[in-house]
Amino acid sequence: MSQVEKKAGLLRRTSSSKKTLKEKVVLMYDEIFAKEDPAKNNPRFWDELFLMKVNLEYLESKLETVDGEEVQRIQYNINSLFHHCVQALGEEHQIKVVNALQTLCALFRGVHQKNKSASGFDIINMLMGFDKAEQRMKVYSNMDHSHQRTIDLYQRVTDNISQNTILEYVMINSIFEAILQVLSDVSSRGQHGYDAVVLLALLVNYRKYESVNPYIVKLSIVDDEPTLDGMGMVVHQALTEYNRQYKDKEEEHQGGFFSTLTSMMGNMFIADADEKLSVQTNEAILLALYEAVLLNRNFITVLAQSHPEIDIAATPTPTNPTTPTTPLGTTPPSLDMMNNPELPLDPNLQTSNLLITFLKYASIVMQDTKDEHRLNSARLCLIILTYNFDKLFPFFSSVFKPMRHRKKAVDKNIPSRPLVCALLDLMVEFIVTHMMKDFPMDLYLRCVQIIHKLLCYQKKCRIRLHYTWRELWSALINLLKFLLSNETTLLAKHNIFQLALLVVNLFNMFITYGDTFLPTSNSYDELYYEIVRMHQVFDNLYCMALRLLSLLVLFSSRAIINHFNPKIESYAAVNHISQLSEEQVLEVVRSNYDTLTLKLQDGLDQFERYAEQPKEAAFFKELVRSISLNVRKNVSLNTLSQDVLLKEFSTIS
């Protein structure tokens, strides 16, 4: 008895003889893997096969065990199996259609697994034959009633997508319209929307740096409102689910014996508790969001749309409109989200706004970036914010209730603030909490770039944001202190001068243009006070720059320090005060502005425009590889069971 047969658990025992017998479908599979044409002696072979319940495990295992010589010997039969599967999809008999779909999935999976373990094995030729491959893929892709299961089928062949030859035919015979149909229809979106969105994100990344990818082009010009709304709802629901899972785990750790013990023993268990709050991140859905926002100018309005919470799967399917829908992006975004004072940035509440839900997700994953998946997720969140900031900035003027899941206590009576304050809070918290031995340099660079872009847009739009800027200044100065204190260790791995330069330029931005966006003149005074108070940090940074022959733009901060320090010392000596209060220092600052001369710097309000290639290409290639591996692991055989498929087809009919 072969190992394959034992592995699949396919043998049955009769009650009388106890003798093991093979199922009929298994015997028919064995005929396919024999040299002879199985239909030669039985013209109804293929009709009978698709009336039999598919044995997925056996078929996949059989395909995986075929060696190189056997491949050539049985290739005609495998090609015939694929051909008759595609033919069966066009029949009205639901059992046949379902079994054909299951068989196709087993074929793709089994042959793909074989391709991974056998060098030079060509899955296209084995499945269809090169001469008929394009025609058969075209027939399959154009089967209207198979659109929903097409999603599952292609998810099974996305492992290492850029080296997957079968996807060349998916580029030629596009399934883009099938994906859009799933997303625009409420019922199918509830069942297959997540898979459709993830598959679209993966197809968009197929050899995107090597050739023209038609899915990128097609996605960029979608303007159908129900389709884009559907995509946004799928992403929103997936991120909301992550936030809910985090909230549930948080509640588990806030009650019971563990919580009591932690309170009694102090903070010694806090680190362990935080680790236990970890929830599996969702880079796949983030990638879909990234591509949608980056490629489609119409999708940006979906981020800010406010709509009632609904059960996506349970909502009745609307009738298809007889007239074309109005393209998105032709009118300004709705102001209902911008003016609604009750939009909460709180993971404990179900919100109906994708931008807010995304920020909640980002605020959670950025708390702990030690895990590779959380690190990638945090990085992708920051990329979305950094390089789409010009598109997102208009929506950040909306208001919200403060986050309740942060470690910092929040007064429930604090009034709503602009959403951009939450973004700044997130950046400040990250800066303060991640100064550690395993320093996440890339994330710090992106955080500082986000802050810089925010200041640039504030200056450009003359927006005076009422924010506790001193918290930001303090965080940035402490970051400089950390870089200086750990110079030797950090220099072995990172270019700390690049980060230090960005931080210094933020201060230069405040010094040069702060009068255009800081809320009051007192804020400007407080800025100078913080620089003077922490002058030792800037002095040390200047010395390090000179010592290592690195040009840091410290002219403005040093000019402020050199100008005000002597005056502060003189004031203290004249008034016989050993230690001045903050108000006394501020009085000296205010009375000596007139004699301060600063050298204005050019380009402080300019920032680098985003280009994925080549800067981010390596990250996205590795991210896509990781996502596709996870996708294939998560595609369960149970989702392809006959009962599930028959139920779906009965709903379609």
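Described in the following lines is the structure provided in the data block. What you are looking at is a predicted structure, and each value in this text was computed from that prediction instead of being measured.

Next up on the list: the pattern of salt bridges. Inspection of the entire model under this criterion finds 18 salt bridges. A salt bridge links glutamate 91 to lysine 96, with the shortest nitrogen-to-oxygen separation between them at 3.4 Å. Note that glutamate 177 and lysine 218 form a salt bridge whose closest N and O atoms lie 3.4 Å from each other. Of this pair, glutamate 177 sits in helix H11 (residues 176–184) while lysine 218 is found in helix H13 (residues 214–220), placing the two residues 41 residues apart along the sequence. Salt bridges here are not isolated pairs; linked through shared partners, they connect Arg44, Asp47, Glu91 and Lys96.

Before going further, it helps to spend a moment on the side chain of asparagine 282. Within the secondary structure, asparagine 282 is located in the loop between helix H16 (270–276) and helix H17 (283–295). Exposure remark for asparagine 282: the relative accessible area of 15% places this residue in the buried category. For asparagine 282, the contacting residues outside a window of four places in its chain are Tyr194, Ala238 and Tyr361.

This part covers the packing of aromatic side chains. Counted under the stated rule, the structure contains 16 aromatic pairs. Consider the rings of tryptophan 469 and phenylalanine 510, whose centres lie 5.4 Å apart with planes at 70 degrees: the pair is edge-to-face. On the criterion of sequence distance, the pair formed by tryptophan 469 in helix H25 (residues 469–485) and phenylalanine 510 in helix H27 (residues 496–517) is long-range, its members being 41 residues apart. With respect to class, tryptophan 469 is no different from phenylalanine 510; both count as buried. Ring centres 5.2 Å apart and planes at 45 degrees place the aromatic pair tyrosine 524 and tyrosine 528 in the tilted group. With tyrosine 524 and tyrosine 528 both in helix H28 (residues 521–533) and 4 residues apart, this pair spans about one turn of that helix. Of the two residues, tyrosine 524 and tyrosine 528, both sit in the buried class. Members of the aromatic cluster, joined through ring pairs, are Tyr467, Trp469, Trp473, Phe510 and Phe517. Above the ring of phenylalanine 620, the side-chain terminus of lysine 208 is found at 5.9 Å from the ring centroid. Lying over the aromatic face of phenylalanine 619, arginine 379 brings its terminal NZ or CZ to 4.2 Å of the ring centre.

Conventions we followed
Residues numbered from 1 in each chain as written. Predicted model: local features only at pLDDT ≥ 70, side-chain atom pairs only at ≥ 80, totals over all residues. Heavy atoms only, no water. Salt bridge = Lys/Arg side-chain N within 4 Å of Asp/Glu carboxyl O. Helix = DSSP H or I, 4+ residues; strand = E, 2+ residues; numbered from the N terminus. Buried < 20%, exposed > 50% of the residue type's maximum accessible area, 1.4 Å probe, protein only. Contact = heavy atoms within 4.5 Å. Phe/Tyr/Trp six-rings, centres within 6.5 Å; stacked < 30°, edge-to-face > 60°. Lys NZ or Arg CZ within 6 Å of the ring centre and 35° of its normal.

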